[in-house]
Amino acid sequence: MLDIDNLTIPVGSVTAVVGHNGAGKSTFTKCLCGLQKKFKGRVIMKGKTYHSRDMMKLSYMVMQDVNHQLFAESVIEEVMLGASDSNIEMALETLEKLNIIEYKNRHPMSLSGGQKQRVAIASALLAGKKFLVFDEPTSGLDFRSMECTAELLSSLGKDITVLIVTHDMELIERCCTHILHIENGTV
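A brief structural summary. This one's a predicted model, so the numbers in the text were calculated from it and none came from an experiment.

Here's the deal with the pairing of strand S5 (residues 131–135)
- The buried fraction of S5 is high, at five of five residues.
- Neither face of S5 is left uncovered, since the one carrying Phe 131, Val 133 and Asp 135 and the one carrying Leu 132 and Phe 134 both have all their residues buried.
- Where strand S4 (residues 59–62) meets S5, four bridges bridge the pair, whose relative direction is parallel. Pairing of Ser 59 across the sheet is with Phe 131, part of S5.
- Bridge analysis of S5 against strand S6 (residues 161–165) gives five bridges, and the strand direction is parallel. Counted as the bridge partner of Phe 131 is Thr 161 from S6.
- In this region the chain leaves S5, passes through helix H6 (residues 143–154) and returns to the parallel neighbour S6; the handedness of that crossover is right-handed.

Considerations on the packing of helix H5 (residues 113–126) against H6
- Between H5 and H6, the shortest axis-to-axis distance is 12 Å and the interhelical angle comes to 5°. The pairing of H5 with H6 is recorded here as roughly parallel in orientation. Contacts between H5 and H6 involve Arg 118, Ile 121 and Leu 125 from the former and Ser 145, Thr 149, Leu 152 and Leu 153 from the latter.

Things to note about the sheet that holds strand S1 (residues 14–18)
- One open sheet accounts for five strands, arranged S4-S5-S6-S1-S7; its pairing is parallel. Edge positions in the open sheet fall to S4 and strand S7 (178–181), since each of these has one partner strand only. The mean angle between the axes of side-by-side strands here comes to 20°, regardless of whether they run parallel or antiparallel.
- Bridging between S1 and S6 involves four bridges; their strand directions are parallel. By the bridge assignment for S6, Ala 16 is matched with Ile 164.
- Most of the contacts of helix H1 (residues 25–32) go to S6, to which it runs at about 155°, and overall it touches S1, S4, S5, S6 and S7.
- Where H5 meets the sheet, its contacts fall on S4 and S5, and the angle it forms with S4 comes to roughly 175°.

Some words on the side chain of Ser 59
- One can find Ser 59 in strand S4.
- Reaching out from Ser 59, the side chain makes a polar contact with the backbone oxygen of Cys 33 at a distance of 3.4 Å.
- Engagement of the side chain of Ser 59 in a polar contact is seen with the backbone oxygen of Met 55, the distance being 2.6 Å.

Calculation criteria
- Residues numbered from 1 in each chain as written.
- Predicted model: local features only at pLDDT ≥ 70, side-chain atom pairs only at ≥ 80, totals over all residues.
- Heavy atoms only, no water.
- Buried < 20%, exposed > 50% of the residue type's maximum accessible area, 1.4 Å probe, protein only.
- Helix = DSSP H or I, 4+ residues; strand = E, 2+ residues; numbered from the N terminus.
- Pairing = 2+ DSSP bridges.
- Right-handed = clockwise from strand over helix to strand, strands pointing away.
- Axes fitted to C-alpha atoms, helices over the stretch in contact; angles between N-to-C directions.
- Parallel < 35°, antiparallel > 145°, perpendicular 65-115°, else oblique.
- Contact = heavy atoms within 4.5 Å.
- Polar contact = N/O pair within 3.5 Å; in protein donor to acceptor, adjacent residues only side chain to side chain.

The structure is reproduced here in structure tokens:
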């Protein structure tokens, strides 16, 4: 159960969400994305109030187990599936930056765990959402892939807000501008 009366997350920040297992990190991010059914709170961005249904339209969440988020027949189709526009060049550039361009025509489920994770990250980056949440995005990634992911996340721009649920201190050091510590459902 969460008990957070008020919390400010800066727009354009990359915020690490940290805490022990079971502290409420994933529940918190699901609430912010409108995915937690019993969430009764609200989110205010730039003076406008949003409720759960509204937040589902504004946010994109990459869950810890990306196997439940891969649907297309090829990697390029997967990353273009939720793309806000059909900019194939941007999709290819993103795959290149994540070092998975060579797999663009492969079925996503035929990839390794770390490669699948990077496909899901690419999909999130191309979705055109203003609020991105990544739950343990470096699980299954080697150090080089983590560095590429950190670089991409830190370069997103001032109008995209990113939350990263992670225990990966190297990722936090490389790309996070803020840290949010949740313990026993409180900040």
